[in-house]
Amino acid sequence: MFAKLETYPAPLLELVTEANDASKAIPPLFPLSSSVAVNPFLGQIDEPLSVTAARLERVAGTRITPAREYWKAKFESDEISQEDVRAAVSAVEGQFNAPSLQEVLDALDTPHDTPQPLATVAELAADVSGIDWPGLIEDRIGAWAAGHFDQGQALWQQADTGGVFQSWREFATRDLTPEIHGLKGFCAFVTRTNRSHWRAIGRASERLGVDTEAAKTTFHRWLITLGGWAQYGRYHLWQAELDGRPDSTVAELLAVRMVFDEALYDLYQDQIAARWAEVVAKHRTPVTPSKSEVIDAVLQDAAERAQQRALATKLKKSEPVASNGRPEVQAAFCIDVRSEVFRRALEAQDAKIETIGFAGFFGLASAHKAAGSDVTEFRGPVLLKAGATSEAVEPVKADLNRRYTARAKRAWGRFKLAAVSSFAFVEASGPVYAGKLVRDSFGLGDKAKPEPAPKLDPSLSFETRVGMAKSVLSAMSLTHNFARIVMLAGHGADVTNNPHESALQCGACGGYAGDVNARLLAGLLNDPDIRSCLQAQGIDIPEDTVFLPALHHTTTDMVTLFDQDLPSGTAAAEIAQLKTWLDAAGDLSRAERAQRLPRANESAAVLRRARDWAETRPEWGLAGCRAFVAAPRDRTNGADLSGRAFLHNYNWRQDDGFGVLELIMTAPVVVASWISLQYYGSTVAPDLFGGGNKLLHNVVGGIGVLEGNNGAPRPGLPWQSVYDGNGFQHDPLRLTVVIEAPREAMSNILARHPDVKALFDNGWLNLIAMDDSGQLAWRYDGDLEWSPIRETPDTSGAIAAE
């Protein structure tokens, strides 16, 4: 029997605070249309790795560091030296449960125990009843949430009134599935719950004995069981915070989950009350890392010191950029690690080619409308709000034709999926579709019509446009000696039959390709009036310089030039030569990337992968990313960084007041950390933070993918994005950020940005200062303190902090 509903407990406000904190303890899941890499540890940046490890073992039963045998193999192959381990041990000396060097070395031969999360009421009820209550709860919440949050995939839409909790109440009062499985009277129980999700949380907390102290991790535990639904709710909260408005989606989902456990507790109280009380008591205890968890954090740090040593060795092989007067071409690429391979290949074509690394949105975060569409696409980092609006405008007739084509395609798709016509469609149209299957299999399908050049909102003032142009050129350290052709290359990926397509696009462009941003900037910089104003401000762009927008296709390493945006005949000979160089660079890049890709033993095989609708690994994306370097190109020129480093051009001597440095450390560095940590989380904790197996994926609601046909969306990267079938393609290392700039300037910036400082203070990012000779000279130790780095000849040039 269910207990009679009572009034909510007095400390409800404290529970509200804990629920809101728990809502921020989970990462957001961006929808598939604009998915971007997300730091899965976003809610834990204020604590170090070892504490987060203890927290997630409690609430999720998962480890967040590699297995000991993984590190042992690295140690035995001399990839990690004993000096690396000694330095990592010294870094935690004096902290709680700090191990000795010998304890860490001994631990390499000690396998981990399999962690177990603290049980929910549903799990305890399953133990005593033999009924899979956790699975049933996941199924029923998934059945409701798929309809409630649907982004246009469903043919029949749920009414979206009254909020998340009210919507679920209406669903649950008519859903007999829990009662059929034994939860008698559940529909009536839900009917009697308070319509306020806060009151429902308060009442369930009181019934289950969860006070404020226990709620800190109990609420987190319940949200973890909701998987991608809770994370999609966190996305709604993220967007609301950017807009300065409240959102309670996650808290309402928490209330839904708690109502299930409250009902199960009433049914099985006599059998599980004592065990549940023990669980609550454990939740009340502070989250404290064990010595084993501290050892794992030490091994993680040692591995990162080892890769920093390897990076230092590679950078010693860099060569100064040859100064041969005016360059023929300056090619600006996104800092994305995939551009590093292509930049080396392009520079190899001619000594008068220079490349530049810059954030792929090119400083223009735009709310953009594509041609023939009223949908606003945010083309910028998700950390920022749009600073401008833009639109691709074409003649009325062309615009209408594009819209009619899109509508016809949608109508045809709905006809194929409708309740009645779907059955007849297969029988009637099967033979007709044979041709389409053949065309799609060989990548011969219809190609999308090119978009017209995008334009910034005409209401944007001329002064603002000049300011945009100046700030971007200054941030690129491109203020003099302009080439005849300055190519601005955004990047995008060409894939087929891939729900995670947007995750391979430009992360700095909100999960879209970077072509719009590149074309917008080129339009600004080719404006003679803007150039005239820039000249008055000290940036003299030669009259014959042309800014040429382009798109680097990372799957094929081909480059599309948008020379149609320029007046007819502009720099025709120079652009023809550039196309020749780009083609040759593409061949080199594909040959290099083919060595990592399964079943790609030649350049042509790389091209085919973009068209193959059965290909689970069209490219490796950013797998392997491990370093971010902000310095002049001289510091990395000629160094083969194997497509594993973000390279941002930066010259601190041209940065008066260090405003550009502040932008780099608070935007591109943070975006890169999200990418790095998503790959890290998907590798070390695939069950919690990974996207599962691509072969089992089904798209749900246009939001995410299910692994199977029900349950919760899987966040993060699919297993095929980090694993090649034999081993990892991503080494789980936290990103090392190397910046050539005065330490005092970097410390001042960190002091002004506590969230960024927390990333470095707690080890989610490593920060190293490069000196004037290009050496890795100083290590950031946290709390605005630095220590010098020295070479240790007894470990073959290993680098350690004194």
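Bear in mind that the values here come from a model prediction, so they are computed numbers and not experimental data.

Asks: Break down the overall build of the protein chain for me, citing the residues and quoting the values.
Replies: Within the protein chain, the secondary structure is distributed over 29 helices and 18 strands. Taken over the C-alpha trace, the protein chain has a radius of gyration of 28 Å; the compact-globule value for 802 residues is 28 Å, and the two agree within 12%. The dimensions of the protein chain, computed from C-alpha atoms along their principal axes, are 85 × 70 × 50 Å. A buried classification covers 56% of the 802 residues belonging to the protein chain. Residue pairs at least 24 apart in sequence account for 73% of intrachain contacts in the protein chain once pairs closer than 6 positions are excluded. As presented, the protein chain carries roughly 33300 Å² of accessible surface, and 52% of it is formed by carbon and sulfur atoms. Side chains of the protein chain give 80 positive and 102 negative charges; the mean places of these two sets differ by 4 Å.

Asks: Any details on helix α21 (residues 515–525)? Residues and values, ideally.
Replies: With ten of eleven residues buried, α21 lies mostly within the body of the structure. Those residues of α21 that fall on the buried side of the exposure criterion are D515, V516, N517, A518, R519, L520, L521, A522, L524 and L525.

Asks: I'd love a proper account of helix α3 (residues 68–76), names of residues and values included.
Replies: Of all the residues in α3, the buried ones are R68, Y70, W71 and K74. Taken around the axis of α3, the buried residues stretch over an arc of 160°, which confines them to a single face. Away from its buried face by more than 90 degrees, α3 exposes E69 and E76. For α3, the elements touching its buried residues are α5 (101–107) and α15 (291–315). Immediately beyond the C-terminal end of α3, within one or two residues, lies D78, with a positive phi of roughly 65°.

Asks: Can you tell me about the environment of P788, naming the residues and giving the values?
Replies: Residue position: P788 is located in strand β17 (residues 785–792). Residue P788 is classed as partly exposed on the basis of its relative accessible area, which comes to 28%. Remark: the alpha-carbon pair of P788 and A777, spanning eleven residues in sequence, is separated by 6.0 Å.

Asks: Which residues make up the pairing of strand β10 (residues 627–631), and what values do they have?
Replies: Taking burial as the measure, the five residues of β10 include five buried ones, the bulk of the element. Side chains A627, V629 and A631 project from β10 onto one buried face, and the interleaved F628 and A630 project onto a second face that is buried too. With four bridges connecting them, β10 and strand β14 (residues 736–739) associate as parallel partners. Looking across to β14, one finds that A630 is bridged to I739. Examined bridge by bridge, β10 and strand β11 (residues 645–649) share five bridges and lie parallel to one another. By the bridge assignment for β11, F628 is matched with F646.

Asks: Tell me what's going on with the layout of surface pockets, and back it up with residues and numbers.
Replies: Quantified by volume, the second largest pocket comes out at close to 1300 Å³. As for the second largest pocket, its lining consists of 48 residues, and the residues nearest its centre are L42, I45, W238, L383 and D755. For the lining of the second largest pocket, the class distribution of residues is 23 nonpolar, 13 polar and twelve charged.

Asks: Please give an account of the confidence of the model for the protein chain that cites residues and values.
Replies: A residue-level look at the protein chain finds 91% of positions with pLDDT of 70 or above and a mean pLDDT of 91. Under a pLDDT of 50 for its full length, residues 1–8 has, in the predicted model, 22 contacts with residues more than four places off or in other chains.

Asks: Give a description of empty space enclosed by the protein that names residues and reports values.
Replies: A complete count under the given rule lists four cavities of 30 Å³ or more for this structure. Approximately 600 Å³ is the volume found for the largest cavity. Every residue lining the largest cavity is counted, 49 residues in all, and those nearest its centre are V36, A37, A503, Q678 and L717. Only α26 (668–684) and β13 (704–707) provide two or more residues apiece to the lining of the largest cavity. Among the elements that line the lining of the largest cavity, the one with the most residues is α26, at six residues. Each residue belonging to the lining of the largest cavity can be placed in one class, and the counts come to 27 nonpolar, 16 polar and six charged. As for the second largest cavity, its lining consists of 18 residues, and the residues nearest its centre are C334, I335, A508, V671 and I675. Looking at which element gives the most residues to the lining of the second largest cavity, the answer is α26, with four residues. Residue classes in the lining of the second largest cavity are distributed as 14 nonpolar, three polar and one charged.

Asks: I'd love a proper account of the pattern of salt bridges, names of residues and values included.
Replies: Evaluation of the coordinates by the stated rule reveals 47 salt bridges. For E103, the salt bridge goes to K291, with nearest N and O atoms at 3.4 Å. On the criterion of sequence distance, the pair formed by E103 in helix α5 and K291 in helix α15 is long-range, its members being 188 residues apart. R593 is paired through a salt bridge with D557; the nearest N and O atoms lie 2.7 Å apart. With a gap of 36 residues between them, R593 in helix α23 (residues 572–594) and D557 in the loop between β8 (546–553) and β9 (558–561) connect regions that are remote in the sequence. Judged by relative accessible area, R593 falls into the buried class, the value being 13%. Its relative accessible area of 2% is what places D557 among the buried residues. Each of K74, E79, R626 and D731 takes part in a single network of salt bridges with overlapping partners.

Asks: Now, about the sheet that holds strand β2 (residues 353–358): what can you tell me, with residues and values included?
Replies: Ordered in space as β2-β1-β7-β8-β9, the five strands form an open sheet in which the pairing is mixed. Only two strands of the sheet have a single neighbouring strand rather than two, namely β2 and β9. If you compare each strand with its neighbour and ignore which way they point, the axes differ by 30° on average. Where strand β7 (residues 485–492) meets β8, eight bridges bridge the pair, whose relative direction is parallel. When the bridges of β8 are listed, G492 appears paired with H553.

So, how was this worked out
The numbering scheme is per chain: residues are counted from 1 as the chain's sequence reads. Two thresholds apply to this predicted model, a pLDDT of at least 70 for residue-level local features and 80 or more for giving and counting side-chain atom pairs, whereas whole-chain, interface and lining totals are computed over all residues. The basis for every side-chain value is the complete set of heavy atoms in the structure, and neither hydrogens nor water enter the calculation. Numbering of helices and strands starts at the N terminus; helices are DSSP runs of H or I of at least 4 residues and strands are runs of E of at least 2. For this measure, only C-alpha atoms enter the radius of gyration; the expected value for a globule follows 2.2 Å times N^0.38, where N is the number of residues. Categorising residues by exposure relies on relative accessible area from a 1.4 Å probe, with only protein chains included: less than 20% of the type maximum marks a residue as buried, more than 50% marks it as exposed, and the intermediate range marks it as partly exposed. By the convention used here, residues are in contact when the closest approach between their heavy atoms is within 4.5 Å. Surface accessibility in these figures is a Shrake-Rupley result with a 1.4 Å probe; residues are shielded only by whichever protein chains are displayed. Charge assignment: positive for Lys and Arg, negative for Asp and Glu; neither His nor the chain ends contribute. Where a charge sits is defined by one atom per residue type, namely NZ (Lys), CZ (Arg), CG (Asp) or CD (Glu). When we speak of the arc, we mean the arc of directions from the helix axis to the C-beta atoms. Strand pairing is assigned whenever DSSP identifies at least 2 bridges connecting the two strands. With a 1 Å grid spanning the protein atoms alone, the term cavity applies to any set of points in which a 1.4 Å probe fits but cannot get out, the term pocket to an open set with protein on both sides within 12 Å along at least five of seven lines, and the term lining residue to any residue with an atom within 4 Å of a point. Grid points are joined across faces, edges and corners, and a volume is the space filled by probe spheres set on the points. Residue polarity is assigned by list, with Asp, Glu, Lys and Arg as charged and Ala, Val, Leu, Ile, Met, Phe, Trp, Tyr, Cys and Pro as nonpolar; anything else, Gly included, falls into the polar class. The predictor reports its confidence for every residue as pLDDT, a score running from 0 up to 100. Whenever a carboxyl oxygen of Asp or Glu lies within 4 Å of a side-chain nitrogen of Lys or Arg, that contact is scored as a salt bridge. Axes here mean lines fitted to C-alpha atoms, for a helix over just the part in contact, with angles spanning 0 to 180 degrees between N-to-C directions.

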